[in-house]
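# Structural overview
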Amino acid sequence: MANSANGNYAIKAENLSIYYGNFRAVREVDLGIEPKKITAIIGPSGCGKSTVLRAFNRMNELIPSVRTEGQVIFGGRNIYERDVDPVEVRRRIGMVFQKPNPFPKSIFENVAWGARVNGFKGNMDELVQSTLKNAALWDEVHDKLDQSGTSLSGGQQQRLCIARAIAVKPDIILMDEPCSALDPIATLRIEELMRDLAKEYTIIIVTHNMQQAARVSDLTAFFTLSEDGKRAGMLMEYGESKQIFTRPEKKITEDYITGRFG
Amino acid sequence: MNLLRPRRGFTETQEQLATRHSRGKLVLTVFQFATLMGVIVLVVLLLTIINNSFGYSAVENKVDPENLTVNGVPLEGQTKEQLVAALQQNVSAGLFARFEHDQPIAERDAANIYDLIQEYVISPEVVESWNFYDSLTRKDEILVLMQERYPNAELQFLSWVNWDFVRSQQSSHPEIAGVRTAILGSVWTISIAIFFSLPVGVAAAVYLQEYAADNFINRIIQTNINNLAGVPSIIYGILGLAIFVRAFAAFTSGIAFGAADPSTANGRTIISAGLTLGVLVLPLIIINAQEAIKAVPNSLREASFGIGATRWETVWSHVLPNAVAGILTGSILAVSRAIGETAPLVVIGASTFIQVDPEGPFSKFTTLPAQIYQWTVRPQGAFHNIAAAASLVLLILLLALNATAIVLRNRYSRRL
């Protein structure tokens, strides 16, 4: 189902099933993510998009009832193996959340904190400056680095959260509907930023907004609920965004992207 | 006026709408009445205390200060030699020898001699006291009564709570008794209680909220903590008596540290009382701290984990700083409860009559509420007045503690 040009993946889910208690929310997903590309995950509500995304950096473990089966291969290893430290996984695979959630600390500290706990010993001022520049936020905040991160506007907060994620130099950035709480102009700025970041980072984005997926992503994975009545999320179609949005192979994908359901 | 166009299925008339509004107004009235009840109870409480703390008193002097004037100079203006002479003339030789023994007369200053004359020669005694309300409204009757019953007494308007009352030690004369020992005892025990229960309580709350899995054992622990918060305080007193006073007597009496107060040499000490109060408020502090930690948005934890922080780094840098204001607020409530507790301290053995200031955790003690209790059960009326005065002092102490905590809380929440 998943087709990649060269078989060289940044991260790859193999036979991934995720349960909430006894309820299987995601069923047998195989999904290889290509490096330094933007991969969008789309699909109707409740189809397990966010659950799959959070499986890529073991964030689901913070919810007590969640159980994961299958493998997620990253750097040649299954990150769910017993001796893999989830802290190390999350440092390498950062995350940006749906609602901007900067720490209620200074803007400087928002960027610096993650680097500091992860043992960064270099020049912190330089790191904060270059990170904020990469996150297209430096010009707006360079004269108020000591102000609280929560004093910024929603769009600025989200870019601060992106800065916070890239400050620890991850390989992959997971974005869970990063623009759903933002206005169209702030959304556009984040999308531009994502295009920039894709030169250096692998980005996986979950989005409800199909125009956004079509605009920013290189590849698109379409998830939907299985139709056997068990309502488990599964991967229906995966391929180049151009192809998915113009010539989808499956009828259900076409129905979804043309707005017939979802 | 009918703004509502009739719609199918909606048959409400103007009258029915008015009924709905009046029902709402009725409920509002009930809420306002409930609030008013609370306010009335508080006002009555304050008025009762104030009523007993101020008022006219009939004060009878054993010796009229007029008789002690020398050549028209009143007592206040006399030299030390004149005061010593007056003292020697009016007290027994044995008592004068005791003063000399306590501290040689030659080394005492004039103010000290003056105090001795006040206490032992003039020796004012309150023979009857009236409360504040009567003093304001029935002054004429009081004056007549004075003439009949106490022709030698002088009518004075006394404020039972005053600086001397706060500064003086316990005494068997209500006129000169004070609450200094009790205040120091309260401050000592509360400090020990806070020192013990705050770190332990917050640590337990962090464990239960951030680390403990949601399983059967932890749910049992949680239920028991919730129940402990409702256990009557006297039961904690019995616990404190059995454990801190008896079982750990070697430590709580200070013998193990070579610091025992020779007059106690048992476990009925400040540290036993403080630890008992600490155990008493521990469940309250745990529950309040848990609520404060629960109120920290999960998005902060996720953000922290998402950049590769460990659980401890997340708790220390994000959860606790955001919960500290709530933890302090909860601790204020817990400490307010502890400072007013009497029953467990009576069980543990608060001293009924103590005149020496506590010197450390191994001293005998009494506390303000225990002192108030002991004064209220005495038959003489003047003790009831100083009990009311001590209640005012307790309220002021409580307000001061709460204000400190609120200032601390505001400072911490500003830093975020």
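Analysis parameters
Residue numbers run consecutively from 1 along every chain, following the written order of its sequence. Key to labels: chains lettered from A, ligands numbered from 1, both in the order written. Only residues with pLDDT of at least 70 get local features here, since the model is predicted, and only at 80 or more are side-chain atom pairs given and counted; chain-wide, interface and lining totals rely on the full set of residues. Per-residue confidence from the predictor is given as pLDDT, running between 0 and 100. Whether a residue is buried, exposed or partly exposed is read from the other C-beta atoms within 10 Å of its own C-beta, which are placed from the backbone; 20 or more gives buried, 12 or fewer gives exposed, and intermediate counts give partly exposed. Each helix is a run of H or I in the DSSP string that is no shorter than four residues. Each strand is a run of E no shorter than two, and both are numbered from the N terminus. Residues are scored as being in contact if the C-beta atoms we place from backbone atoms lie within 7 Å. Any residue outside Ala, Val, Leu, Ile, Met, Phe, Trp, Tyr, Cys, Pro, Asp, Glu, Lys and Arg is labelled polar, Gly included; the first ten of those are nonpolar and the last four are charged. In this description, strands pair whenever DSSP reports at least two bridges between them. Note on handedness: a crossover is taken as right-handed if, strands pointing away from the viewer, the path from the first strand over the helix to the second is clockwise. Angles here are taken between N-to-C directions and fall from 0 to 180 degrees, while the axes themselves are lines fitted to C-alpha atoms, restricted in helices to the stretch in contact. Orientation categories follow fixed angle ranges, with anything under 35 degrees roughly parallel, anything over 145 roughly antiparallel, 65 to 115 roughly perpendicular, and all other angles oblique. By the definition used in this description, the sense in which the near helix is turned from the far one sets the handedness, with an anticlockwise turn below a right angle giving left-handed and a clockwise turn giving right-handed.

With that settled, consider the confidence of the model for chain B. Confidence in the prediction of chain B, expressed as mean pLDDT, is 86, and 96% of residues score 70 or more. For this predicted complex, the interface confidence reaches an ipTM of 0.91, while the overall pTM sits at 0.82.

Given 3.6 residues per turn, any residue in an α-helix points the same way as the ones three and four places further on. Residues and elements named next belong to chain B. Within the sequence span of helix α4 (residues 110-122), burial applies to Ile113, Leu116, Ile117 and Val121. Contact partners of the buried residues in α4: α2 (80-90) and α3 (93-102). Phi turns positive, to about 40°, at Ser123, one or two residues after α4.

Turning to the interface of chain A and chain B, a few remarks are in order. Taken together, the contacts link 20 residues of chain A with 17 residues of chain B. Elements that contribute at least two residues to the side of chain A that touches chain B include exactly α2 (86-92), β6 (93-96), α3 (107-117) and α6 (154-166) of chain A. In terms of residue class, the side of chain A that touches chain B is made up of 12 nonpolar, four polar and four charged.

What follows concerns unusual backbone geometry. Most peptide bonds are trans, and most residues other than glycine sit at a negative phi. Residue and element names in this part refer to chain A. Positive phi, normally seen in glycine, also occurs at Glu28, with a value near 45°. Here Glu28 lies in strand β2 (residues 23-33). Glu28 sits in the partly exposed class, given 16 other C-beta atoms within 10 Å. In the Ramachandran plot, Ala136 falls in the positive-phi region, its phi being about 55° despite a non-glycine side chain. Here Ala136 lies in the loop between α4 (124-134) and α5 (138-141). On the neighbour-count criterion, Ala136 (18 C-beta atoms within 10 Å) is partly exposed.

Right, let's get into the pairing of strand β7 (residues 172-176) of chain A. Residue and element names in this part refer to chain A. Taking burial as the measure, the five residues of β7 include five buried ones, the bulk of the element. Residue alternation in β7 divides its side chains into two sets, Ile172, Leu174 and Asp176 and Ile173 and Met175, and both sets are buried. Bridge analysis of β6 against β7 gives four bridges, and the strand direction is parallel. The residue of β7 that forms the bridge with Val96 is Met175. Relative to strand β8 (residues 202-206), β7 runs parallel, the two sharing five bridges. Residue Ile173 lies in a different strand from β8, and its bridge partner there is Ile203. As a crossover connection, the stretch from β7 through helix α7 (residues 184-197) into β8 is right-handed.

Right, let's get into helix α16 (residues 368-376) of chain B. Most of α16 of chain B sits out of view: seven of its nine residues are buried. Of all the residues in α16 of chain B, the buried ones are Leu368, Pro369, Ala370, Gln371, Ile372, Gln374 and Trp375 of chain B.

The next point concerns the packing of helix α10 (residues 233-247) of chain B against helix α12 (residues 270-294) of chain B. Residue and element names in this part refer to chain B. Where α10 meets α12, the axes come as close as 9 Å, and the angle between the chain directions of the two elements is 135°. Viewed along their axes, α10 and α12 adopt a mutual orientation that is oblique. At the point where α10 passes α12, the crossing takes the right-handed sense. Of the residues in α12, those in contact with Ser233, Tyr236, Gly237, Leu239, Gly240, Phe244 and Val245 of α10 are Ser272, Leu275, Thr276, Val279 and Leu280. Looking at the contact of α10 with α12, its residues break down into seven nonpolar, five polar and no charged.

As a further point, take the packing of helix α8 (residues 180-211) of chain B against α12 of chain B. Residues and elements named next belong to chain B. Orientation of α8 relative to α12, taken along the N-to-C sense of each, is 35°, at an axis distance of 6 Å. As for how α8 packs across α12, the hand of that crossing is right-handed. The residue inventory of the contact of α8 with α12, partitioned by class, reads 23 nonpolar, eight polar and two charged.

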